[in-house]
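Listed here are the chains, written in short residue letters.
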Amino acid sequence: MRIISIANQKGGVGKTTTTVNLVGALAKCGQKVIVIDLDPQAHLTTCFGLDPRDLETTAYEVLCKGTKLSDALLDIGDNIKLLSSGMDLAAVEQELSTVIGRETVLHDALKAYEGAVDFIFIDCPPSLGMLTLNAFSASNEIFIPLQAHFLSLQGLSQLLEMLLLVNKRINPNLRVSGLMFCMFDARTSLSAEILNDITAFFEEQRDQSTPWQHIKLFDTKIRRNIKLAEAPSYGLCIFDYALESNGAKDYLSLANEVIAMDQADAMEITFASLQSVGQSDTKVNEVTVDEVQGDTSLTNKTVENKTVAPIEIVSSVDNLVSTTKNVISTSQNDQ
Ligand SMILES: Nc1ncnc2c1ncn2[C@@H]1O[C@H](COP(=O)(O)OP(=O)(O)OP(=O)(O)O)[C@@H](O)[C@H]1O
Ligand SMILES: [Mg+2]
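Criteria and thresholds
- Residues numbered from 1 in each chain as written.
- Chains lettered and ligands numbered in written order.
- Predicted model: local features only at pLDDT ≥ 70, side-chain atom pairs only at ≥ 80, totals over all residues.
- Heavy atoms only, no water.
- Core = buried A, V, L, I, M, F, W, Y, C linked by side-chain atoms within 4.5 Å.
- Buried < 20%, exposed > 50% of the residue type's maximum accessible area, 1.4 Å probe, protein only.
- Contact = heavy atoms within 4.5 Å.
- Phe/Tyr/Trp six-rings, centres within 6.5 Å; stacked < 30°, edge-to-face > 60°.
- Helix = DSSP H or I, 4+ residues; strand = E, 2+ residues; numbered from the N terminus.
- Expected span 1.5 Å × (residues − 1).
- Pairing = 2+ DSSP bridges.
- Axes fitted to C-alpha atoms, helices over the stretch in contact; angles between N-to-C directions.

Visitor: Looking at this structure, how should I read the nonpolar core?
Guide: As a rule of thumb, nonpolar side chains are buried together in soluble globular proteins. Among the nonpolar cores identified, the biggest contains 52 residues, and Ile122 and Phe136 are the most heavily contacted of them. The contact partners of Phe136, leaving out residues within four places of it in the chain, are Ser5, Ala7, Cys124, Ile142, Leu159, Met162, Leu163, Val166, Asn171 and Leu174. Grouped together as the second largest cluster of nonpolar side chains are 43 residues, Ala27, Ile76, Ile80 and Leu82 included.

If you want it as C-alpha cells, here you go:
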C-alpha cells in the first residue's frame, strides 16, 4: 500500500488539482483509494462535490477527538473513500499542541487500514505546520507539485530541509518519490531554465543518501488548462468533466507514470478503460466554455442525463455576501 502526501508549502501550485485527478484516474481503473483532505481550506472536499459546512465528521474529529477513521470516511463513488476537511481543522495546530505524540496521530489512525486499499493520498495544506507534519509521519512517499517559477525554488529548499528532519526524527521510511511540474508553459524560457536547474540539482545528489535520492521527475508536464480549473465548480474530476481536454490527457499520463513506478509490468490506463469502469455512460456536454477565446463563464452541464449546476461559485458568493453583511452590521453596532 502506498501512502503518498502531495505537499508543497507554497500556495496555489496544483496540489489539490493533482490529488483529485490522480485519485480519479486510479480509482476509475479499479485501484482502491483513500483520499485525505488535510487542508482547512477544504478545497479537495469541495472538488468532490461536497459542501464542507454540511459535514459533521471530518479529519478534525479523527485528529483531535479520537473518532475512528472508519466512522469518518465517506464513500465517494467507485473505489474512493474520502476523509473530508472542514474549517475547524484550522484548530488542530493549537489543540494538539499539548498532546504527547501529536505528530503521529494520523499515522496511528491509518493503521487500521493497513493493506486494505492500494493507495492513500493526502492533500496537504500550504504550510509546514502540525497538519503537514502529521501527513509526513503517516506517509511513505511524498509527491511535490511545482510551478516553474523562480520563487518555487526557494520554497523547495525549505521543504527538503523539513523532510530531512522528519526523516531523521519521526519517519525513517519517508521518501520524496516524485516531482511534477504543474501549470507548465513549455513556451517560456524561464520554464525550461527552471526545469534544467531542478533536474541538475537532483541528479547531482543521486549518490548521496537523502530522502530524495531516488526521486522521479515525472516526464508528464501538467499544462495550464482551463478545464482543470472549471471541473471543481461542478464537483467533478477532469475525466468526468472534460475527457477530451489536455488536462485529462496530462493527468492520465501522470497516473500511468505513478502506477509504473513500483510495477515493472504495470497495466496501462487508457481513455477506454477510464470510460468503461463505473462511469461508462457518463457524457459531459462540452463547449460551454470557449477555451480559445478565454470565456470562463460557467453554465449548467449535462452529466449522465442530469443537469449539473456549478455548485461552489454560487454558494460561495452567497456566503461571502451574508458574511460581509454580518461583519458590517456588527462593526456598526460597536460604534
Ligand atoms: N494545470 C492547471 N491549469 C489551469 N488551472 C489550474 C491548473 N492546476 C491548478 N489550476 C488552478 O489553480 C488554482 C490553484 O490550484 P490548486 O488548488 O490545485 O493548488 P494548491 O497547491 O492545492 O493550492 P493551495 O496551496 O491553496 O492548497 C486553482 O484555481 C486550480 O483550479
Ligand atoms: Mg490545495
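Visitor: Please clarify how the packing of aromatic side chains should be interpreted in this entry.
Guide: Aromatic ring pairs are defined here through the distance separating the ring centres and the angle between the ring planes. Under the definition given, this model contains five aromatic pairs. Taking 5.2 Å as the distance between ring centres and 25° as the angle between the ring planes, the aromatic pair formed by Tyr234 and Tyr241 counts as stacked. Of the two residues, Tyr234 and Tyr241, both sit in the buried class.

Visitor: Can you help me understand the environment of Cys47 in this one?
Guide: Examined against the element boundaries, Cys47 turns out to sit in helix H2 (residues 43-47). Measuring from C-alpha to C-alpha, the distance between Cys47 and Thr16 comes to 8.4 Å, with 31 residues separating the pair along the chain. The contacts of Cys47, once residues within four sequence positions are left out, are Thr16, Val20, Pro232, Gly235 and Leu236.

Visitor: Could you clarify how one ought to interpret helix H8 (residues 150-169) in this entry?
Guide: Along an α-helix, a turn takes 3.6 residues, which lines up residues three or four apart on a common side. With 20 residues, H8 ought to run about 28 Å at 1.5 Å a step, and its terminal C-alpha atoms sit 30 Å apart, in line with that. Looking at H8, one finds that the buried residues are Ser152, Gly155, Leu156, Leu159, Leu160, Met162, Leu163, Val166 and Asn167. Where the residues of H8 are buried, they touch helix H7 (130-138), strand S6 (141-146), strand S7 (175-181) and helix H9 (189-204).

Visitor: Quick question: what am I supposed to make of the sheet that holds S6 here?
Guide: Backbone hydrogen bonds are what pair the strands of a sheet, in a parallel or an antiparallel way. Sheet architecture is open: eight strands sit in the order S3-S4-S2-S5-S1-S6-S7-S8, paired in mixed fashion. At either end of the open sheet lies a strand with only one pairing partner, and these are strand S3 (74-75) and strand S8 (216-217). In terms of strand pairing, strand S1 (residues 2-6) meets S6 through three bridges, oriented parallel. Bridge assignment links Ser5 to a residue of S6, and that residue is Ile142. Along the sheet face, H8 touches S6 and S7 and points at about 170° away from the line of S6.

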